[in-house]
Every structure is written in structure tokens, then in C-alpha cells.
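Secondary and tertiary structure notes
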Amino acid sequence: MNRSTPIIALALWIAALGFATCARAADPPVLPDLGGTRPSNTAARAADAPVLPDLGGARTSTTAQDSLARDAVCTKCHDENDNKAILSIYQTRHGVKADARTPSCQSCHGTSDRHVKNTEGISPRPAPEVVFGDSLKTKTASAPDVQNQACLSCHQAGQRVNWSGSEHQSHDLACSTCHQVHSPTDAVLNKVTQPEVCETCHKTQRAQFRRLSTHPVQAGEMGCSDCHNPHGSTGPTLLVKNSVNETCYTCHAEKRGPFLWEHSPVVDDCTNCHTPHGSTNPPLLKQRVPFLCQDCHSGDHGAGINSGANLLGGNVTTVNGALPPASQSARAQVNARACLNCHVLIHGSNHPAGTKFQR
Ligand code: HEC
Ligand code: HEC
Ligand code: HEC
Ligand code: HEC
Ligand code: HEC
Ligand code: HEC
Ligand code: HEC
Ligand code: HEC
Ligand code: HEC
Ligand code: HEC
């Protein structure tokens, strides 16, 4: 190595830096990160008709300036003196001025000429074309499907492909029942605050999540939406996957197996033994062991599927053809881990001799 090496390296580095700077200058303006697809280079295309990503619906604004100009139709009356909260939409992803996909007031509320002009001079003014909200609270609220169509014009894709016909759609929920768009924070999008939104209607689940053994939803580590897609799904009970087990495997992959010796109720459905939300029997069991097992295994221990019941009478060692020692009392079987003392691998075993899940 000679002394000029560092100098050459430095020169190369400077050249590289210069190149990077030039390249950056020609780059599109840095847009706020919306976490999604973005129109390419809005500013450079100002003269052009911008190529926008397809959100699946009609759009009213073509450029950033356009969007604000259009808003002025409404904000000349609905300004901060009218209701500050309305303008907090500019602090949300629906108010990113540099993003050409940004909706104007009219993208959601409709053109609403009669409301804007009120040529008839009636008071209160004729309502806008789309008024969001619950018709019990807002008399002028549009029908839920009219409200939802305004949102779906841009959001039909992705998570909402199964919205139509879903439990929530068919029970007339509106997007704005869960989402707050004129607010800097939308509680339903945050795992910590999301359960409260769902539990305003789902009181049973609210109670279940306050039991002794639960998934850590109350703790804010999980949301309902880790297991459910509230917009609709192809699986049962709005689950994110096509079955209960597929949903559970997204986090508990080790329970999927494959196992040399499978316990058939596990392969069939985790809810044969577990309840997903909460239980008084840890860990999330529907019943305490041994009663849980005895729902399916009754009769003499050691005699096929109809086994296990006699354990309550202390008859456990008949599995070895011998009578139980006197100390093997019924209580010893029913208490603590009961059947699980011996059948430790209840979800399945990979041991060549693990047919009875004891190893
Ligand atoms: C993304 C769709 C969307 C856009 C864009 C939008 N709104 Fe709204 N607006 C709603 C929804 C939904 C509600 C119901 C309240 C809520 O969910 O926050 C609402 C409610 C309102 C209300 C009634 C508030 C109340 O307290 O009853 C007014 C007034 C209003 N919007 C005006 C505007 C104006 C002005 C603009 C443009 C600056 C605008 N909206 C842009 C969706 C939208
Ligand atoms: C000339 C003033 C004016 C303009 C322009 C105007 N509004 Fe309004 N808006 C009002 C007033 C006033 C009310 C309250 C109702 C009343 O007293 O007539 C209202 C109420 C509303 C409501 C609540 C309706 C309800 O029934 O709960 C919404 C939503 C709304 N405006 C949206 C809009 C949108 C969107 C635009 C633009 C397209 C717009 N407004 C333009 C004055 C205006
Ligand atoms: C004109 C198109 C348009 C309309 C109409 C529209 N949105 Fe959006 N929405 C957007 C865009 C663009 C984004 C930002 C997407 C991104 O960042 O990738 C967005 C983002 C969102 C988000 C995610 C916000 C976040 O913080 O992550 C929610 C929730 C949402 N919209 C709900 C609604 C609801 C509810 C309505 C109807 C009241 C509605 N939208 C109407 C264009 C629209
Ligand atoms: C029952 C409550 C509920 C209803 C009703 C609802 N949403 Fe959502 N929405 C959620 C939850 C929860 C999330 C967060 C999902 C996640 O974290 O995966 C979400 C996320 C979103 C997002 C951001 C994530 C994405 O998919 O881009 C958009 C956009 C959205 N919803 C639009 C809508 C529209 C449009 C409607 C009406 C057709 C609607 N939502 C109805 C609860 C709801
Ligand atoms: C405004 C009330 C309301 C809110 C808020 C709400 N739901 Fe629902 N939900 C319903 C109704 C009504 C049904 C259909 C009837 C039923 O099963 O109770 C339903 C059904 C469901 C089902 C399917 C039940 C089945 O048997 O198939 C699930 C899962 C569910 N909701 C989850 C959620 C989640 C997760 C949230 C929050 C992101 C939420 N809901 C918010 C009212 C609501
Ligand atoms: C760990 C995954 C998981 C989480 C987290 C979860 N659920 Fe569920 N949920 C399920 C499964 C699985 C079922 C189906 C139960 C069955 O078939 O016995 C279900 C069923 C439901 C039902 C239908 C009625 C019932 O109880 O069977 C509703 C409503 C519901 N969940 C709401 C919620 C709400 C609200 C939250 C958040 C507070 C939530 N769930 C969180 C997995 C989950
Ligand atoms: C989004 C991830 C996720 C999904 C999906 C999920 N779980 Fe869990 N599960 C967890 C987490 C996190 C814990 C808590 C682990 C801990 O506390 O160490 C847990 C714990 C458990 C426990 C032990 C509870 C205890 O008290 O120790 C059982 C049993 C369980 N899950 C069953 C299920 C079943 C059945 C399903 C499907 C309906 C499911 N899980 C879906 C994340 C998930
Ligand atoms: C035949 C009943 C039964 C079925 C079906 C079942 N489990 Fe379990 N599960 C148990 C019992 C019993 C325990 C407690 C084991 C212990 O304490 O050693 C348990 C414990 C767990 C635990 C916490 C301890 C651990 O092993 O990680 C998780 C997580 C779990 N089960 C997930 C699942 C999933 C996911 C499914 C579906 C694929 C499932 N279980 C199906 C009976 C069952
Ligand atoms: C929902 C019903 C159900 C529940 C609950 C259940 N099992 Fe099973 N179990 C079965 C079925 C079905 C088989 C397969 C029987 C067969 O192949 O003959 C089986 C097989 C077994 C076997 C192996 C039997 C053999 O002949 O190879 C053992 C051991 C066993 N279960 C123990 C338990 C224990 C311990 C529990 C409680 C933690 C339990 N089971 C809960 C349905 C259940
Ligand atoms: C002290 C240990 C022990 C306890 C506790 C125990 N088992 Fe067993 N069990 C065994 C052994 C060992 C076998 C295998 C016997 C054999 O291979 O012939 C067995 C076999 C089984 C079988 C398969 C039956 C057959 O025909 O081979 C079932 C089902 C079963 N046990 C269920 C249960 C249930 C349910 C409980 C709790 C109520 C339980 N066991 C408690 C040790 C135990």
C-alpha cells in the first residue's frame, strides 16, 4: 500500500458525493411518507395530466393547489371561527397538500351546490349531498350506503374487497361509525385505543377481555384487528384468514406442526379447547383440565377414545395393567395439571413413541 491510496479514496468519495447531490437535485420533491403508493413527481408533472395510482374511484383534485382551491368553496364559511375541528383534517392523511390524491371537501361531501349557494335562502340551509353520521344523532345523515360509497370511491381495494355483504355492512355500519376523519387521531387505527371503539358495541367481548386469562389486548399489545378484519373477510366471524386455525398460526406457528402424532381436535379447530378472547381457566381454556379432556374422553383410562373418566376415581395406573397405588387419589388427578402431568405434548408429538402425547 502506498501513501497516495487515501488521497485517491478521498477523491473518489468526493466525486461520488457530487454525483449523488446532482442526482438528488433532479429527484422529485420529498413528499411526506404516507406509507403507501404515491404519484410520481407531482411538481415535475404540473403541466402534464398527472399519473395517479389507482385508488379505485373518482377523484376531484388533480394538483395540490387545485385541492385547496376547491376546499375554499366550503372553507369560506367552515373556517376556524365556525368549527376548528373541521380544519384538523389538514393534519391527517386526507389533508396532505403535496399529495395529488388528497380528497377535497367535495370528494367526500359531494358537490353540494344547493348547500353552498342556498339560492332559496332557507334556514337551516339545504344539507350537503353526503352528510356523515348516525341518523339517530344527526337528523340529516345520509343513508349508510350513500355515506360508504363516498369513501369506497377511493378505498374499495385492499382490506375492503369483502366489505359488501360483510356483517358490518349488512348491519348498516358506516365507515364513520369507526373512523374519525376530522380528527388528528383516529382511535380505531391505534391498537391501544382500538378495543374501546369495538367494545362500545361488543360488550360481551369487552367482558371476556377482562378475565383472568386473555390475549394481551387490554395491555395494548394486540388489537382486535390482529385476528379480525372489520371490513369483511372470506373466513368465518370476520377473521383475517380463512379459518380459525390459519388465523392462530399467524402467531403460534409452532402449533401447526406437522406432527408425527397429531391430536385430531387440534388440527380440527383450536376453539375445541381454547376461547380466543378470555377465560377464567388459564391458558385460555374453555374448561379446566381434566373436565376439558373428559368432554371427549370418557370411560376407562386406557380403552380408546372413551378413556379417562376413571381417573377421577384414581384409576390411572390401569394403563400399565396394574391397580393404582392408594396414594394415587382422585384429587391428585383432578388438581393441578391432572391429565397434563403425563400427556404433556397435548398439541401433538414428534417422538417416535409419542402416540399418547406423553413425550
Ligand atoms: C375523507 C372524507 C371527508 C373529507 C375530505 C371532508 N369531510 Fe367533512 N366529514 C366527513 C365525515 C366522515 C364526517 C362525520 C364526522 C367525522 O367522522 O369526523 C364529516 C363531518 C363534517 C361536518 C359536520 C361536523 C359536525 O360537527 O357535525 C362538516 C361541517 C364538514 N364535515 C365539513 C367539511 C369541510 C369544510 C371539508 C373540507 C375542508 C370536509 N368536511 C372534508 C368526511 C369528510
Ligand atoms: C355560505 C356558507 C356555507 C358554505 C359555502 C358551505 N356551508 Fe356547510 N354549512 C353552513 C351552515 C350555516 C351550516 C349549518 C346548518 C345551517 O344552519 O344552515 C352548514 C352545515 C354543514 C354540514 C352539516 C350538515 C348537517 O346536516 O349536519 C356539513 C357536512 C357541511 N356544512 C359541509 C359543507 C361543505 C362540504 C361545503 C362545501 C361544498 C359547505 N358546507 C359549504 C354554511 C356553509
Ligand atoms: C378522493 C379519495 C379519497 C376519499 C373519497 C376518501 N379517502 Fe381516505 N384516503 C385517501 C388517501 C389518498 C389516503 C392516504 C393513503 C396513503 O397514505 O396511502 C387515505 C387514507 C385513509 C385512511 C388511513 C389514514 C391513516 O392515518 O393511516 C383512512 C382510515 C381513510 N382514508 C378513511 C376514509 C374514510 C372513512 C372516507 C370516507 C368518509 C375516506 N377515507 C374517503 C383518499 C380518499
Ligand atoms: C367496525 C369498525 C370499522 C368500520 C365500520 C370500518 N373500518 Fe376501516 N379500519 C378499521 C380498523 C380496526 C382498521 C385498522 C386495520 C388494521 O390495523 O389492520 C381500519 C383501517 C382502515 C384503513 C387504513 C388501512 C388500509 O386498509 O389502507 C382504511 C383506508 C379504512 N379503514 C377505510 C374504511 C372504509 C372506506 C370503511 C367503510 C367502507 C371502513 N374503513 C369501515 C375499522 C373499521
Ligand atoms: C356500532 C356498533 C359496532 C361497532 C363499533 C363494531 N361492531 Fe362488530 N358488529 C356489530 C354488529 C351489529 C354485528 C353483527 C351482529 C353481531 O354479530 O353482533 C357485528 C359483528 C361483528 C363480528 C362478527 C360476528 C359474527 O358472528 O360473525 C366481529 C368479529 C366483529 N363485529 C368485530 C368488530 C371489531 C373488531 C370492531 C372494531 C374494529 C367492531 N366489531 C366494531 C356492531 C359493531
Ligand atoms: C387472538 C385472536 C382474536 C382477537 C385478538 C380477537 N378475536 Fe374476536 N374472535 C376470534 C375468533 C377465533 C372468533 C371465533 C370464535 C369461535 O368460532 O368460537 C372470534 C369471534 C368474535 C365475535 C363473534 C362472537 C363470538 O364471540 O364468537 C366477535 C363479535 C368478536 N370476536 C369481536 C372481537 C373484538 C371486539 C375484539 C377486540 C376487543 C376481538 N374480537 C379480538 C379471535 C380473536
Ligand atoms: C397477532 C398474534 C396472535 C394471534 C393471531 C393469536 N395469538 Fe395467541 N397469543 C399471542 C400473544 C402475544 C400471546 C401472549 C404470549 C405471552 O403472554 O407470552 C398469546 C397467548 C396465547 C395463549 C396462552 C395464553 C396464556 O394465558 O398464557 C393461548 C392459549 C393462545 N394464545 C391461543 C391462541 C389461539 C387459539 C389463537 C387463534 C384463535 C391465537 N392464540 C391467535 C398472539 C397471538
Ligand atoms: C385438545 C385441546 C386443545 C386444543 C384443540 C388446542 N389446545 Fe392449546 N392448549 C391446550 C392445553 C391443555 C394447554 C395447556 C398446556 C400446559 O399447560 O402444558 C394449551 C396451551 C396452549 C398455549 C400456551 C402454552 C404453549 O404451549 O405455548 C398456546 C399458545 C396454545 N395452546 C395454542 C393453541 C393453538 C394455536 C391451537 C390450535 C392450533 C390449540 N392450542 C389447540 C389444549 C388444547
Ligand atoms: C374435542 C374433543 C377432544 C378433547 C377436548 C380432547 N381430546 Fe384427546 N383425542 C380426541 C380424539 C378425537 C382423539 C383421537 C382418538 C383416536 O384416534 O382414537 C384423541 C386422542 C387422544 C390421545 C391419544 C389416544 C390414542 O389412542 O392414541 C390422548 C392421549 C388424548 N387424546 C388425550 C387428551 C387429553 C389429555 C385431553 C385434555 C387436555 C384431550 N385429549 C382433549 C378428542 C379430544
Ligand atoms: C399418571 C400418568 C397419566 C395420567 C395422569 C393420565 N394418563 Fe392417560 N395415559 C397414560 C399412559 C402412560 C397412556 C398410554 C397407555 C398405553 O399405551 O397403553 C395413557 C393413555 C391415554 C389415552 C389413550 C387410550 C388408549 O387406549 O391408549 C387417553 C385417551 C388418555 N390417556 C387420556 C387421559 C385423560 C383424559 C387423562 C386425565 C383425565 C389422563 N389420560 C391422565 C398416562 C396418564
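Residues numbered from 1 in each chain as written. Chains lettered and ligands numbered in written order. Predicted model: local features only at pLDDT ≥ 70, side-chain atom pairs only at ≥ 80, totals over all residues. Heavy atoms only, no water.

What follows concerns the overall build of the protein. From N to C terminus, the protein includes 14 helices and two strands. Burial statistics for the protein: of 359 residues in total, 28% are counted as buried. Within the protein, contacts between residues separated by at least 24 positions form 43% of all contacts whose residues are at least 6 apart in sequence. Entry remark: accessible area of the protein is about 22700 Å², with carbon and sulfur atoms responsible for 59%. (Helix = DSSP H or I, 4+ residues; strand = E, 2+ residues; numbered from the N terminus. Buried < 20%, exposed > 50% of the residue type's maximum accessible area, 1.4 Å probe, protein only. Contact = heavy atoms within 4.5 Å. Areas by Shrake-Rupley, 256 points an atom, 1.4 Å probe, with all protein chains shown as cover.)

This paragraph deals with the coordination of the iron atom of ligand 8. Taken together, the protein ligands of the iron atom of ligand 8 are His274 (NE2) and His347 (NE2), with distances of 2.0 Å. Considering all six donor atoms around the iron atom of ligand 8, the spread of angles at the metal, 88 to 178 degrees, places the coordination shape in the octahedral class. Here His274, found in the loop between helix H12 (264-268) and strand E2 (278-279), pairs with His347, found in the segment after helix H14 (330-334); they are 73 residues apart in sequence, far enough to count as distant. (Donors = N, O, S within 2.8 Å, 3.2 Å for Na, K, Ca; no water. Tetrahedral: all angles 85-135°; square planar, octahedral: opposite > 155°, others 65-115°.)

A word on the site of ligand 1. Taken together, 18 residues sit near ligand 1, with Cys105, Cys108, His109, Phe132 and His182 positioned nearest. The contact in question runs from a nitrogen atom of ligand 1 to an N or O atom on the side chain of His109, over 2.8 Å. A distance of 2.8 Å separates a nitrogen atom of ligand 1 from a polar atom in the side chain of His182. Elements with a contribution of two residues or more to the shell around ligand 1: helix H2 (64-75) and helix H4 (105-109). (Near = heavy atom within 4 Å. Polar contact = N/O pair within 3.5 Å; in protein donor to acceptor, adjacent residues only side chain to side chain.)

Geometry reference: four tetrahedral donors at a metal, ideal angle 109.5 degrees. Six octahedral donors, ideal angles 90 or 180 degrees. Here the iron atom of ligand 2 is held by His78 (NE2) and His115 (NE2), and the distances to it run 2.0 Å. One can describe the site at the iron atom of ligand 2 as octahedral: its six donor atoms subtend angles covering 88 to 179 degrees at the metal. In this pair, His78 sits in the loop between H2 and helix H3 (84-87) while His115 sits in helix H5 (residues 113-117), placing the two residues 37 residues apart along the sequence. Residue class for His78 comes out partly exposed when judged on its relative accessible area of 33%.

Turning to the layout of surface pockets, a few remarks are in order. A volume near 160 Å³ is recorded for the second largest pocket. Every residue along the wall of the second largest pocket is listed here: Pro144, Asp145, Asn148, Gln149, Leu152, Gln156, Trp163, Ser164, Gln169, Asp172 and Leu173. Residue composition of the lining of the second largest pocket, grouped by class: four nonpolar, five polar and two charged. (1 Å grid on protein atoms, 1.4 Å probe; cavity = no way out; pocket = protein on both sides within 12 Å on 5 of 7 lines; lining within 4 Å. Points joined across faces, edges and corners; volume = space filled by probe spheres on them. Nonpolar A, V, L, I, M, F, W, Y, C, P; charged D, E, K, R; others polar.)

With respect to the element layout, Ser264 can be found in helix H12. Given the relative accessible area of 54%, Ser264 is considered exposed. In this structure the C-alpha to C-alpha distance between Ser264 and Gly348, which are 84 residues apart in sequence, comes to 8.8 Å.

For the rest of this paragraph, the subject is the packing of aromatic side chains. A complete count under the given rule lists zero aromatic pairs for this structure. One cation-aromatic arrangement involves Lys97 over Tyr90; the distance from NZ or CZ to the ring centre is 5.4 Å. (Phe/Tyr/Trp six-rings, centres within 6.5 Å; stacked < 30°, edge-to-face > 60°. Lys NZ or Arg CZ within 6 Å of the ring centre and 35° of its normal.)

Before going further, it helps to examine the pattern of salt bridges. Summed over all chains, the structure comprises eight salt bridges. Of the charged contacts, one joins Arg101 and Asp99 as a salt bridge, the two residues approaching to 2.8 Å between their closest N and O atoms. Judged by its relative accessible area of 13%, Arg101 falls in the buried class. Overall, Asp99 belongs to the buried group, its relative accessible area being 4%. The salt bridge involving Glu246 is made with Arg256; its shortest N-O contact spans 3.2 Å. Here Arg256 lies in the loop between helix H11 (244-249) and H12 and Glu246 lies in helix H11, a separation of 10 residues in the sequence. (Salt bridge = Lys/Arg side-chain N within 4 Å of Asp/Glu carboxyl O.)

Further remarks concern helix H6 (residues 144-155). Taking 1.5 Å as the rise per residue, H6 with 12 residues should run 16 Å; its terminal C-alpha atoms sit 16 Å apart, in good agreement. Gln147, Asn148, Ala150, Leu152, Ser153 and Cys154 are the residues of H6 that are buried. (Expected span 1.5 Å × (residues − 1).)

Attention now moves to the side chain of Ser88. Here Ser88 shows up in the loop between H3 and H4. Ignoring anything within four residues of it in the chain, the contact list for Ser88 reads His182, Ser183 and Pro184.

Bringing unusual backbone geometry into the picture now. Note that the residue after Ser123, namely Pro124, is joined by a cis bond; omega there is -10 degrees. With respect to the element layout, Pro124 can be found in the loop between H5 and H6. Geometrically, the link from Val289 to Pro290 is a cis peptide bond, its omega value of 10 degrees lying close to zero. Here Pro290 is to be found in the loop between E2 and helix H13 (291-294). The phi dihedral of Thr237 falls on the positive side, at around 40 degrees, and the residue is not glycine. With respect to the helices and strands, the residue Thr237 is situated in the loop between strand E1 (213-214) and H11.

Moving on: the side chain of Thr102. Position of Thr102 relative to the elements: it lies in the loop between H3 and H4. For Thr102, a relative accessible area of 4% translates into the label buried. Side-chain polar atoms of Thr102 contact the backbone oxygen of Asp99, separated by 2.8 Å.

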